[in-house]
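Each chain is listed here by its residues.
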Amino acid sequence: MYEVTVIEDPAAAEASLDPMRSRLLAALVEPGSATSLAAKVGLARQKVNYHLRTLEKHGLVELVEERKKGNVTERVMQAKAASFVISPVALSAVQPDPERAPDRLSARWLLAVAAKLVRDVGALITGATAAGKRVATFAIDGEVRFASAADRAAFAEELADAVARLVNKYHDEQAEGGRDHRLVVAVHPAVKKER
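Notes on the structure in this doc start here. (Residues numbered from 1 in each chain as written. Predicted model: local features only at pLDDT ≥ 70, side-chain atom pairs only at ≥ 80, totals over all residues. Heavy atoms only, no water.)

**Notes on the packing of helix H3 (residues 34-41) against helix H4 (residues 45-57)**
- Relative orientation of the contacting elements H3 and H4 amounts to 110 degrees, with a least axis distance of 8 Å. With respect to each other, H3 and H4 are oriented roughly perpendicular. Residues Ala34, Thr35, Leu37, Ala38 and Val41 of H3 form the contact with H4, whose participating residues are Arg45, Val48, Asn49 and Leu52.
- Taken together, the residues that form the contact of H3 with H4 break down as six nonpolar, two polar and one charged. (Axes fitted to C-alpha atoms, helices over the stretch in contact; angles between N-to-C directions. Helix = DSSP H or I, 4+ residues; strand = E, 2+ residues; numbered from the N terminus. Parallel < 35°, antiparallel > 145°, perpendicular 65-115°, else oblique. Contact = heavy atoms within 4.5 Å. Nonpolar A, V, L, I, M, F, W, Y, C, P; charged D, E, K, R; others polar.)

This is the structure:
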């Protein structure tokens, strides 16, 4: 089971967004059968089986074991991942495009950049998984508390200058066999965590 996987198929995204199927995906972090899940979610076993078949059809759950119980074969399923992210590719006609209105001070532009990040990394993960390889990535996540808006603006300017210096130092347009990498740096107000 993966920690997180990206849903790119519109039909799989639709299937995962059904409230009952979402509950079943959450429950299937641990393997379970329709019978055991029915008790957890308060549905008849037959209805759970219907939802499990839909989730399996879209590659969101997988069979881990079959057990014979009398005349019945019990299928034990597990979610393919502990968490799922829906790629903007699933809504291809309306997916955000940061190129339409580039404005590095706009929260909506930042959201479009983040959506592109999810789309691109999702595609890389899908390709790497199919090839049996890993994707080389790097991320920094942290928080900084600014005393004032002026400090935040000064920080953003210094950060932009530092990143530009690093890009100029390491970017080699002529590197034979080199590979382009995308760099995203974002600063936004932290969202308070609910207790």
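Still more to cover.
**Description of the sheet that holds strand E3 (residues 61-69)**
- The strand order across the open sheet built from three strands is E2-E4-E3, with neighbouring strands paired in antiparallel fashion. Of all strands in the sheet, those bounded by a partner on one side alone are strand E2 (32-33) and E3.
- Sheet topology note: the E3/strand E4 (residues 72-79) ladder contains eight bridges and is antiparallel. The residue bridging Glu62 from the neighbouring strand is Gln78, located in E4. (Pairing = 2+ DSSP bridges.)

**Quick word on the environment of Ser148**
- Of note, Ser148 is situated in the loop between helix H5 (107-131) and helix H6 (149-170).
- Looking at Ser148, the relative accessible area reads 31%, which means it is partly exposed.
- Considering only alpha carbons, one finds Ser148 and Glu158, ten residues apart in sequence, at a separation of 15 Å.
- A polar contact of 3.1 Å, which involves the side chain of Ser148, links it to the backbone nitrogen of Asp151. (Buried < 20%, exposed > 50% of the residue type's maximum accessible area, 1.4 Å probe, protein only. Polar contact = N/O pair within 3.5 Å; in protein donor to acceptor, adjacent residues only side chain to side chain.)

**Notes on a nonpolar patch on the surface**
- On the surface, Val144, Phe155 and Val187 cluster together to form a nonpolar patch covering roughly 230 Å² of accessible area.
- Tracing the backbone shows Phe155 in helix H6. (Patch = residues over 30% accessible without salt bridge, like charges linked within 9 Å, V, L, I, M, F, W, Y side chains within 5 Å. Areas by Shrake-Rupley, 256 points an atom, 1.4 Å probe, with all protein chains shown as cover. Salt bridge = Lys/Arg side-chain N within 4 Å of Asp/Glu carboxyl O.)

**Quick word on the nonpolar core**
- Formed by 20 residues in total, the largest nonpolar core has its most connected members in Leu24, Leu28, Leu37, Val48 and Leu52.
- At the level of elements, helix H1 (10-17), helix H2 (19-27), H3, H4 and E4 are the ones that each hand at least two residues to this core.
- Each residue touching Val48, except ones within four places of it in the same chain, is listed here: Leu24, Ala34, Leu37, Ala38, Val41 and Leu43. (Core = buried A, V, L, I, M, F, W, Y, C linked by side-chain atoms within 4.5 Å.)

**Focus on the pattern of salt bridges**
- All told, the structure shown has seven salt bridges when counted by the stated rule.
- For Arg182, the salt bridge identified is with Asp120, shortest N-O distance 4.0 Å. Pair noted here: Arg182 is in the segment after H6 and Asp120 is in helix H5, with a separation of 62 residues, a long-range link.
- Among the charged side chains, a salt-bridge network with shared partners connects Glu65, Arg67, Lys69 and Glu74.

**Things to note about the side chain of Arg21**
- Inspection of the secondary structure assignment puts Arg21 in helix H2.
- Of the side chains bearing the opposite charge, Asp18 lies closest to the buried Arg21, which forms no salt bridge; the N-O distance is 4.4 Å.
- Those residues in contact with Arg21, other than ones at most four positions away along the chain, are Ala15, Tyr50, His51, Thr54 and Leu55. (Lys, Arg positive; Asp, Glu negative; His and termini not counted.)

**Some thoughts on the side chain of Thr54**
- Summarising the element assignment, Thr54 is placed in helix H4.
- Accessibility expressed as a relative area gives 15% for Thr54, which makes it buried.
- If we skip the residues at most four places from it in the chain, Thr54 touches Ala15 and Arg21.

**Let's talk about the packing of H2 against H4**
- Across the interface, H2 lies against H4 with an axial gap of 10 Å and an inter-helix angle of 80 degrees. By the angle between their directions, the pair H2 and H4 is classed as roughly perpendicular. Along its contact with H2, which presents Met20, Arg21, Leu24 and Leu25, the element H4 presents Val48, Tyr50, His51, Thr54 and Leu55.
- Each residue belonging to the contact of H2 with H4 can be placed in one class, and the counts come to six nonpolar, two polar and one charged.

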